Amino acid sequence: MSPAPDPASRPGSGDPRLEVISQAYLAHAHAVRRHAARAALGDDQAAEDATQEAFMEAFRNWPKFRQLPPGQRRAWLCARARWRVIDSWRATRVEHPADVLPDHLDPRADEDDDDVLAAITADRFWKVITTAVPRRAACAAYLKWHEDWTMTGIANHLGIDRATVLRDINVVLDAARQLGYETGLPADNKGGMA
Amino acid sequence: MYHGDPCPEDQATDTAMAALYRQLDNHDLSTDTPFDAQAGLQRLTDRIHHELGQESQPPAPPGHPRTLTGQEPASPGPRRLRYSSRWVDLIAFLAVLALGGVLITLGRFTAAYSVTTGVTIAVALHGVWTGLRSPKETQVAGKPGRDGDEDAP
């Protein structure tokens, strides 16, 4: 077995960019990866790749990254990782938009959601959006509520029409409400969703 | 009913759902895969070393005569060429050479390049072309710095 090469002899050893970005990685990578994993809906490999790419972007955009205050670097890296995941959702085929709004999708529309949704814990919500709803619906919901995109923007990005986006959003909303109701019930009346 | 149009009920729903996503961002979950920071850092530094190694390829020393062949990556084509009187430019070509310019041949073109002024005079079989090019544009083997290229947001 050949000995490991001397790190000091590698190209770029001592480069200030490498030092700063390594320090940033140790400080922020855990949060950046968690951020990417949420966007990737639990796809660990996609999250890892997005994390790496975020730090490589910091290296390639060194003048910009260097000027960021330390408190903003984590947000900058998280955004890069998130955008990389979101970019992978971009539709390769765009359907013709049938801009018809669905009717009566949600029979509980008039009820007050706030308390129901506020009762949900992050763990249980994560389980719902990664296992109980279709992936496309989870992507649409992420763009809607995490990224604050418009319905039209989501439809264009995912290559579906607005009516389908609305249906997807309501699927996630219904699942969340159901979870909230179950969470709010007494322990002996809760449904099967653990 | 959630129509995607702004109304007070929808805003309350949006606020509650956005808060759920913020919770996800800010908290580790019991189902999260353990994160190996050292392995990730090693992978990252390997990639950075690789890019730094590509950056550190030595550029051609300025002012050193060299002959280009078709096998080498060609420099960017002259950008501000004009066709002019062949005699005037032939004299200019010889003048640049006489003042210490560098002789470069590329296919049917022969050029005299002045390091100090950045003037390149190229002579072709069918005529004489001249062009003013910056020394950076004329550099053949050296790559422009990545920082400058990728500074755009």
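In this text, all values refer to a predicted model and were calculated from it rather than measured experimentally.

### Side note on the overall build of chain B
Along chain B, the regular secondary structure elements total 5 helices and 5 strands. Reading the secondary structure of chain B in the N-to-C direction produces α-α-β-α-β-β-β-β-α-α. A burial count over chain B gives 33% of its 153 residues as buried. Accessible surface, chain B: about 9500 Å² in total, of which carbon and sulfur atoms supply 60%.

### Points about the nonpolar core
Membership of the largest hydrophobic core comes to 68 residues, with the highest contact counts inside it found for A:Ile21, A:Phe55, A:Phe65, A:Phe125 and B:Met17. When residues in this core are grouped by element, the largest group, 9 residues, is from helix 1 (residues 16–39) of chain A. Among residues more than four places away in sequence, those in contact with B:Met17 are A:Leu117, A:Phe125, A:Trp145, A:Val172, A:Leu173 and A:Ala176.

### A look at helix 8 (residues 151–158) of chain A
Residues and elements named next belong to chain A. The complete set of buried residues in helix 8 reads Met151, Ile154, Ala155, His157 and Leu158. The arc that holds the buried residues of helix 8, viewed along the axis, is 165 degrees, so those residues lie on one side. Gly159, located one to two residues past helix 8, shows a positive phi value of around 75 degrees.

### A short note on unusual backbone geometry
All names here are of chain A. Phi at Leu41 is positive, roughly 55 degrees, even though this residue is not glycine. Relative to the elements of secondary structure, Leu41 occurs in the loop between helix 1 and helix 2 (44–60). Residue Leu41 is classed as buried on the basis of its relative accessible area, which comes to 13%.

### So, the confidence of the model for chain B
Residue and element names in this part refer to chain B. Of all residues in chain B, 44% attain a pLDDT of 70 or more, and the chain-wide mean is 65. Per-element averaging of pLDDT across chain B places helix 5 (residues 146–149) at the bottom with 35 and helix 2 (residues 37–55) at the top with 89. Within the model, pLDDT remains below 50 along residues 63–83, and this stretch shows 41 contacts once partners closer than five positions in the same chain are excluded. Scored below 50 in pLDDT, residues 125–153 shows 73 contacts in the model against residues more than four places distant or in partner chains. The ipTM, which scores confidence in the relative placement of chains, is 0.79 for this predicted complex, and the corresponding pTM is 0.62.

### Some points on the packing of aromatic side chains
In the structure shown here, the tally under the stated rule is 6 aromatic pairs over all chains. A centroid spacing of 6.4 Å and a plane angle of 40 degrees characterise the contact between A:Tyr25 and B:Phe35, whose relative ring orientation is tilted. With A:Tyr25 in helix 1 and B:Phe35 in the loop between helix 1 (8–26) and helix 2, this residue pair bridges two chains. A connected cluster of aromatic rings, assembled from ring pairs, spans A:Trp89, A:Phe125, A:Tyr142 and B:Tyr21. We note A:Arg38 situated over the ring of A:Trp126; from NZ or CZ to the ring centre the distance is 5.0 Å. Sitting over the ring of A:Phe65, A:Arg73 keeps its end group 4.9 Å from the ring centre.

### Here we look at the side chain of A:Thr51
With respect to the secondary-structure elements, A:Thr51 resides in helix 2. In this structure the side chain of A:Thr51 is engaged in a polar contact, spanning 2.7 Å, whose partner is the backbone oxygen of A:Ala47.

### Details of the environment of A:Ala40
Residue and element names in this part refer to chain A. Tracing the chain through its elements places Ala40 in the loop between helix 1 and helix 2. The spatial distance from the C-alpha of Ala40 to the C-alpha of Arg84 is 9.6 Å, given a sequence separation of 44 residues. Beyond its immediate stretch of four places on either side in the chain, Ala40 contacts Ala46, Ala47, Val85 and Arg135.

### Things to note about the packing of helix 1 of chain A against helix 2 of chain B
The interhelical angle for the contact between helix 1 of chain A and helix 2 of chain B, taken along N-to-C directions, is 160 degrees, at an axis separation of 10 Å. On the basis of their axis angle, the class for helix 1 of chain A and helix 2 of chain B is roughly antiparallel. Crossing hand, helix 1 of chain A versus helix 2 of chain B: right-handed. The residues of helix 2 of chain B that touch helix 1 of chain A, namely those facing A:Arg17, A:Leu18, A:Ile21, A:Ser22, A:Tyr25 and A:Leu26, are B:Ala37, B:Gln38, B:Gly40, B:Leu41, B:Leu44, B:Thr45, B:Ile48, B:His49, B:Leu52 and B:Glu55.

About the thresholds
- Sequence order as written defines residue numbering, which begins from 1 separately in each chain.
- Chain A is the first chain written and ligand 1 is the first ligand written, with later ones labelled in order.
- Totals for whole chains, interfaces and linings use all residues, but because this is a predicted model, local features are given only for residues with pLDDT of at least 70 and pairs of side-chain atoms are given and counted only at 80 or more.
- Water and hydrogen atoms were dropped before computing side-chain values, which therefore reflect all heavy atoms in the structure.
- Only DSSP runs of H or I reaching four residues or more are called helices, and only runs of E reaching two or more are called strands; each is numbered from the N terminus.
- Buried means the residue's accessible area, taken with a 1.4 Å probe over protein chains only, is under 20% of the maximum for its type, while exposed means over 50%, and partly exposed covers the values in between.
- We get accessible surface area from the Shrake-Rupley algorithm with a probe of 1.4 Å; when it comes to residues, only the shown protein chains can shield them.
- Side-chain atoms within 4.5 Å link the members of a nonpolar core, which is a set of buried Ala, Val, Leu, Ile, Met, Phe, Trp, Tyr and Cys residues.
- Contacts are assigned to residue pairs that have any heavy atoms within 4.5 Å of one another.
- Note that the arc is defined by the directions from the helix axis to the C-beta atoms.
- A score from 0 to 100, pLDDT tells how confident the predictor is in each residue.
- Centres within 6.5 Å are what make two rings of Phe, Tyr or Trp a pair, Trp counting through its six-membered ring; a difference in plane orientation under 30 degrees is then read as stacked, over 60 as edge-to-face, and the rest as tilted.
- Here, a charge over a ring is recorded when the distance from Lys NZ or Arg CZ to the ring centre is within 6 Å and its angle to the ring normal is within 35 degrees.
- Counting of polar contacts relies on pairs of N or O atoms within 3.5 Å, with two restrictions inside protein: one atom must be capable of donating a hydrogen and the other of accepting it, and residues adjacent in sequence are counted only when both atoms are side-chain atoms.
- Angles run from 0 to 180 degrees between N-to-C directions of axes, and those axes are lines fitted to C-alpha atoms, restricted for helices to the stretch in contact.
- Every angle not falling under 35 degrees, over 145, or within 65 to 115 is termed oblique; those three ranges are roughly parallel, roughly antiparallel and roughly perpendicular.
- In a left-handed crossing the near helix is turned counterclockwise from the far helix by less than a right angle, and in a right-handed crossing that turn is clockwise.

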